[in-house]
Amino acid sequence: MKHVCIWGIAALMLACTPTKDPVEQKIDELLSQMTLQEKIGQMNQLNGMGMSDDLKAQIREGRVGSLLNEVNVDVVNEMQRVAVEESRLGIPLIFARDVIHGFKTIFPIPLGQAATWNPEIVEAGARVAAKEATASGIRWTFSPMIDVSRDARWGRIAESYGEDTYINAVMGVATIKGYQTDNLADSTAMAACAKHFCGYGASESGKDYNTTWIPEVQLRDVYLPSFKAAVDAGCATFMCSFNDINGVPSTGSKFLNKRILREEWQYDGLLVTDWGSMQQMIPHGYCSDMKDAAEKAANAAVDMDMMSYGYIDHLEDLVKEGKVSEKTIDEAVRNILRLKFRLGLFENPYTAKVENPYYRPEYLETAKQAAIESTILLKNDNNVLPLSNVTSVAVVGPLSNVGVDQIGTWCFDGEPEKSVTPMQAFQQLENVKVIAEPGLQYSRDKSQAGINKAVAAAKKADVVLCFVGEEAILSGEAKCRADISLPGAQSQLIKELKATGKPLVLVVMAGRPLTMGAEINMADAVLWQFHAGTMAGPALADLIMGKAVPSGKLPVTMPKMVGQVPMYYSHKNTGRPASNITLIDDIPVAAGQFSIGSTSYHLDAGDKPLYPFGYGLSYTSFEYGQPVLSDSVMKQDGQITVTCQVKNIGKYDAYETAQLYTRDLVASLCQPVRQLKGFQKVWIKAGETATVTFTVKPADLAFCHEDMATYAEPGEFHLWVSADSQQGIPVKFVLK
Ligand code: NOJ
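Every chain's residues receive numbers from 1 upward, in the order its sequence appears when written. In view of the model being predicted, local features appear only for residues whose pLDDT reaches at least 70, and side-chain atom pairs are presented and counted only at 80 or more, with totals across whole chains, interfaces and linings using the full set of residues. In computing side-chain values, all of the structure's heavy atoms are included and hydrogens and water are not.

In the annotation of an unreviewed UniProt entry, the protein is listed under the name beta-glucosidase and assigned to Candidatus Gallipaludibacter merdavium. UniProt positions are given in the numbering used here, feature names are shortened, and annotations may be inferred rather than shown by experiment. The annotation that UniProt attaches to the protein under Catalytic activity (unreviewed entry) is "Hydrolysis of terminal, non-reducing beta-D-glucosyl residues with release of beta-D-glucose."

Here is the structure:
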């Protein structure tokens, strides 16, 4: 009887013990067979370009967990063979690459993708990128970059989804979904990497790698939510940022990597350093040498070392000396193996040959659509665009025919010769004669020798299309500018073209907002592209000729002057918001100290940007009705529905993006003047009205408090549904 009872209890206990996830079981089994050296080997990521005997030996000895940058599928498979067949435990490698906005078929840079305000096209682009890259053996990309970026001087603004927290979250999630799909083990799925964790976009003076100071409240309200959204979307990996944040380099930050990422968010993915960022804790002045750096990174729960050799050279000693526990090592290796299991690499380590993997017609079509939707119409005086009754166009400007520049930064694998440039696209049109003359050789070209020829071309044409902006090399990592005006003699070119009296259409192709109010003033119409990729040319031809209607909107504020940055729509109101603005030239001579008032603005720039966040025109016009709320009172456990009618009052069927903003009028911590809480891109036929509907919940109104708790405070709120961040009349509601 006694025995029966004991067995009965044991059986009951067994039945009650939750069965361990099969992947976790496999990890346990493998981990139990690994030596300390093999575990540390998994934590080592090396540059794998080319196949040397030395690298093969390291793989064979189990001293490498991942390689980055090799994209020759035969080399990838051979290195994988060495790992799987010749290393003791046969643990496969993961091959990684920066596939940032396309692999071969290049999509708009992320800032341009955000300008589409269309997560579906962003997801579709990421899917294409994953299909192309996985055909080359790449199963891990270092994207999306979801650093909120509010400083146009910072070159990496190009790689971000702009200044807004919500858009970074939405577009980041869309990108992750496109790369990973629902099944990471699918051979065309690629692990995403949310980067850079965290606060990198806040670098002082917009200079790359620079210090950041971010109060925890701001970190939680502005910089962390996009990363939390990435965790919730199942993003397989995270990357540390280069910057120090409040004095601690991210790679050594227990606060970021342990407390927030692992403890608060329960993240079980892989955290990798940025390239050499472990080593860089020495020049940061945070670590005395590489051993110290390896210790701090490991104890800050960083799983994999990208190219610092810190773990491989020092972790074993650190464990022996008791400075890093074997438990810490096991945790890191678990995270790495988990990814390898989730990617199905143990079952299918090799990359199968794919027929015709790149630049498929449907990929190019998706890229073209993304480029169209990313293009922002900033100005269109007298409806110059779309062109009609035009038989000849002058195609001028340094960016009119340069494949490498239109694809933008971070295109390691994109081939410039595959770009279809604006000039090529116009040359393919029937019934339009193209008179081409660049005028300047490249965007920084200061020689004015060619401008006369461009002017002569302009005089012969009905309309001038002038392609200006920045070469690709002027934005991206470490490509920061203190002066964000049009480089070279481009202003002069525009001035002389304007003097011809011909209608002047400016097309700007850039990696960041530029301060070019004067040049925009000279133009009749302006189309703006954040480097729009392989198909930028055909997209522009369709837009300019009216086969497509612009629908892009700015995901960043366009400042008038560089001195205004950082400039973003969701700023605080201040105690003296701008009013009664007197600009510098209007101040009377010898004016008294307070004669022109005392409010918050710049004497030479006022308080407005050149164009606000969310701004973008169409060939048609839209009329917004007043938002209607289901209730003017929201309960803490309730929600309200907001509807708004948007009427297309012009002649073209087109997309419009209606934007939902809120403001907490009085709170225990001052809140921004507006915050984006939702948007909807809707297709509205000419003359028709669409109704957009949003749901607003207390969670949407929550902010971080001094005690770090995030919740919404009761009180009065404003709400807008508008075409951009400055338009619309607010309606009130109350949170009870
Ligand atoms: C440095 C960059 O900061 C990061 O974004 C990139 O993914 C790595 N290098 C790898 O190339």
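**Considering empty space enclosed by the protein**
For each structure, a 1 Å grid was placed over the protein atoms alone; sets of points admitting a 1.4 Å probe that cannot get out are labelled cavities, open sets with protein on both sides within 12 Å along at least five of seven lines are labelled pockets, and lining residues have an atom within 4 Å of a point. Grid points are joined across faces, edges and corners, and a volume is the space filled by probe spheres set on the points. The final tally for this structure, using the stated rule, is five cavities of 30 Å³ or more. Roughly 100 Å³ of volume is contained in the largest cavity. The wall of the largest cavity is formed by 13 residues, among which Gln 42, Gly 62, Ser 87, Leu 89 and Ile 91 lie closest to the centre. Residue polarity follows a fixed list, in which Ala, Val, Leu, Ile, Met, Phe, Trp, Tyr, Cys and Pro are nonpolar, Asp, Glu, Lys and Arg are charged, and the others, Gly among them, are polar. Per-class residue counts for the lining of the largest cavity are six nonpolar, four polar and three charged. In this model, the second largest cavity occupies a volume close to 70 Å³. What lines the second largest cavity is simply Thr 662, Arg 663, Asp 664, Gln 671, Gln 675, Lys 677, Asp 700, Leu 701, Ala 702, Phe 703 and Phe 717. Top element by residues in the lining of the second largest cavity is strand E21 (residues 654-664). It accounts for three residues. In terms of residue class, the lining of the second largest cavity is built from four nonpolar, three polar and four charged. Helix and strand definitions here come from DSSP, where helices need a minimum of 4 consecutive H or I residues and strands a minimum of 2 consecutive E residues; each element is numbered from the N-terminal end.

**A word on the pairing of strand E15 (residues 504-510)**
For the exposure calls, accessible area comes from a 1.4 Å probe over protein chains only, and a residue counts as buried if that area is under 20% of its type's maximum, exposed if over 50%, partly exposed in between. A large share of E15 lies buried, amounting to seven of its seven residues. Both faces of E15 are covered, namely the face carrying Leu 504, Leu 506, Val 508 and Ala 510 and the face carrying Val 505, Val 507 and Met 509. By the bridge criterion, six bridges tie strand E14 (residues 463-469) to E15 in an arrangement that is parallel. Bridge pairing in E15 places Phe 467 opposite Val 507. DSSP-based pairing: two strands are paired if at least 2 bridges between them are found.

**What to know about the domain arrangement of the protein**
The domain limits used here are those given by an automatic or database domain assignment. Annotation of the protein at the domain level lists domain 1 (361-545), domain 2 (568-608) and domain 3 (622-735). The centre of domain 2, based on its C-alpha atoms, is set 29 Å off from the matching centre of domain 3. In what follows, a contact means two residues having at least one pair of non-hydrogen atoms within 4.5 Å. With six residues of domain 2 at the interface, the matching set in domain 3 holds 11 residues. The term buried area denotes the loss of accessible surface (1.4 Å probe radius) that occurs when two parts are joined, taken as the sum for both partners. Between domain 2 and domain 3 lies a buried interface of about 640 Å² when both sides are counted; carbon and sulfur atoms form 61% of it. The largest share of the area that domain 2 buries against domain 3 comes from Tyr 569, Lys 572 and Asn 573, three residues that together contribute 69% of it. Take a side-chain nitrogen of Lys or Arg and a carboxyl oxygen of Asp or Glu: if they are within 4 Å of each other, that pair is a salt bridge. At the boundary of domain 2 and domain 3, one finds zero salt bridges.

**Quick notes on the pattern of salt bridges**
All told, the structure shown has 39 salt bridges when counted by the stated rule. The residue Asp 232 makes a salt bridge to Lys 228 at a minimum N-O spacing of 3.0 Å. Taken together, the residues Asp 232 and Lys 228, both in helix H10 (residues 225-232) and four residues apart, mark about one turn of the helix. A relative accessible area of 53% means that Asp 232 is categorised as exposed. In this structure Lys 228 comes out as partly exposed when scored by relative accessible area, which is 29%. One network of salt bridges, with partners in common, ties together Lys 56, Arg 60, Glu 78, Arg 81, Glu 85 and Glu 86.

**Quick word on the site of the ligand**
Taken together, Asp 98, Phe 142, Arg 156, Lys 195, His 196, Met 239, Phe 242, Asp 274, Trp 275, Met 306 and Glu 477 make up the full set of residues adjacent to the ligand. Nitrogen and oxygen atoms within 3.5 Å of one another constitute a polar contact, given that in protein one can donate a hydrogen and the other can accept it, and given that sequence-neighbouring residues count only through two side-chain atoms. Contact between the ligand and Asp 98: an oxygen atom at 2.4 Å from a side-chain N or O atom of the residue. In this structure, His 196 approaches the ligand through a side-chain N or O atom, which is 2.7 Å from an oxygen atom. Burial of the ligand by the protein chains amounts to 94% of its free accessible area of 290 Å². Residue composition of the shell around the ligand, grouped by class: five nonpolar, one polar and five charged. Consider each residue's heavy atoms; a residue with any of them within 4 Å of a molecule or strand counts as near. Surface accessibility follows the Shrake-Rupley procedure with a 1.4 Å probe radius. Residue values consider only the protein chains on display as shielding.

**Brief notes about helix H19 (residues 490-498)**
Restricting attention to buried positions, one finds in H19 the residues Gln 490, Leu 493, Ile 494 and Leu 497. Seen end-on, H19 carries its buried residues on one side only, within an arc spanning 95°. Packing partners of the buried residues in H19 comprise strand E12 (392-396), helix H18 (451-460), E14, E15 and helix H20 (517-522). Comment: arc refers to directions from the helix axis out to C-beta atoms.

**Digging into unusual backbone geometry**
In this structure, Pro 144 follows Ser 143 across a cis peptide bond, with omega equal to 10°. Locating Pro 144 in the fold gives a position in the loop between strand E4 (140-141) and helix H8 (165-180). For the bond from Lys 195 to His 196, the omega torsion is -5°, close enough to zero to count as cis. Structurally, the position occupied by His 196 is in strand E5 (residues 193-197). Of note in this structure, Tyr 209 is not a glycine but carries a positive phi near 70°.

**Thoughts on the packing of helix H15 (residues 361-374) against helix H21 (residues 536-545)**
Look at H15 against H21: their axes get within 8 Å of each other, and the N-to-C directions meet at 55°. Classed by the angle they form, the pair H15 and H21 counts as oblique. Seen from above, H15 lies across H21 with right-handed handedness. Counting all contacts with H15, which are made through Lys 368, Ala 371 and Ile 372, the residues of H21 involved are Ala 536, Pro 538, Ala 539, Asp 542 and Leu 543. All axes are obtained by fitting lines to C-alpha atoms, using only the stretch in contact for helices, and the reported angles, taken between N-to-C directions, cover 0 to 180 degrees. Angular relationships are summarised with four words: roughly parallel below 35 degrees, roughly antiparallel beyond 145, roughly perpendicular across 65 to 115, and oblique for the angles in between. Should the near helix be turned counterclockwise from the far one by less than a right angle, the crossing is left-handed, whereas a clockwise turn marks it as right-handed.

**Focus on the sheet that holds strand E27 (residues 731-735)**
An order of E19-E27-E26-E21-E22 is seen for the five strands of this open sheet, with the pairing classed as mixed. Of all strands in the sheet, those with a lone pairing partner are strand E19 (633-634) and strand E22 (675-684), marking the two edges. Sheet analysis places E21 next to strand E26 (residues 715-722), joined by six bridges and oriented antiparallel. Directly across from Leu 660, in E26, lies its bridge partner Val 721.

**A look at the sheet that holds strand E1 (residues 44-47)**
Across the sheet, which stays open at both edges, the five strands sit in the order E4-E3-E2-E1-E10 with parallel pairing between neighbours. Edge positions in the sheet fall to E4 and strand E10 (305-306), since each of these pairs with one other strand and no more. One ladder, built from three bridges, connects E1 with strand E2 (residues 66-68); its direction is parallel. Following the sheet pairing, Leu 46 is matched in E2 by Leu 67.

**A few points about the nonpolar core**
Core analysis: the largest hydrophobic core is formed by 116 residues, its most contacted members being Trp 140, Phe 197 and Phe 238. A domain-level breakdown of this core finds at least three residues from each of domain 1 (361-545) and domain 3 (622-735). Here, nonpolar core means buried Ala, Val, Leu, Ile, Met, Phe, Trp, Tyr and Cys residues that are tied together by side-chain atoms lying within 4.5 Å of each other.

**Considerations on the packing of helix H9 (residues 216-223) against helix H11 (residues 254-264)**
It is at 14 Å that the axes of H9 and H11 come closest, and there the two elements cross at 55°. In terms of orientation, H9 and H11 fall into the oblique class. Classified by chirality, the crossing of H11 by H9 is right-handed. Residues Glu 216, Leu 219 and Arg 220 of H9 lie in contact with H11, whose contacting residues are Phe 255, Leu 256, Arg 259, Ile 260 and Glu 264. Grouping the amino acids of the contact of H9 with H11 by side-chain chemistry returns four nonpolar, no polar and four charged.

**Brief notes about the layout of surface pockets**
Quantified by volume, the largest pocket comes out at close to 1,100 Å³. Taken together, 34 residues line the largest pocket, and the ones lying closest to its centre are Thr 165, Arg 220, Asp 221, Pro 225 and Ala 702. Of all the elements in the fold, those that place two or more residues in the lining of the largest pocket are H8, H9, H10, E22 and strand E24 (703-704). Broken down by element, the lining of the largest pocket gets its largest block of residues, five residues, from H9. Summarising the domain contributions, the lining of the largest pocket has at least three residues from each of domain 2 (568-608) and domain 3 (622-735). The calculated volume of the second largest pocket comes to roughly 790 Å³.

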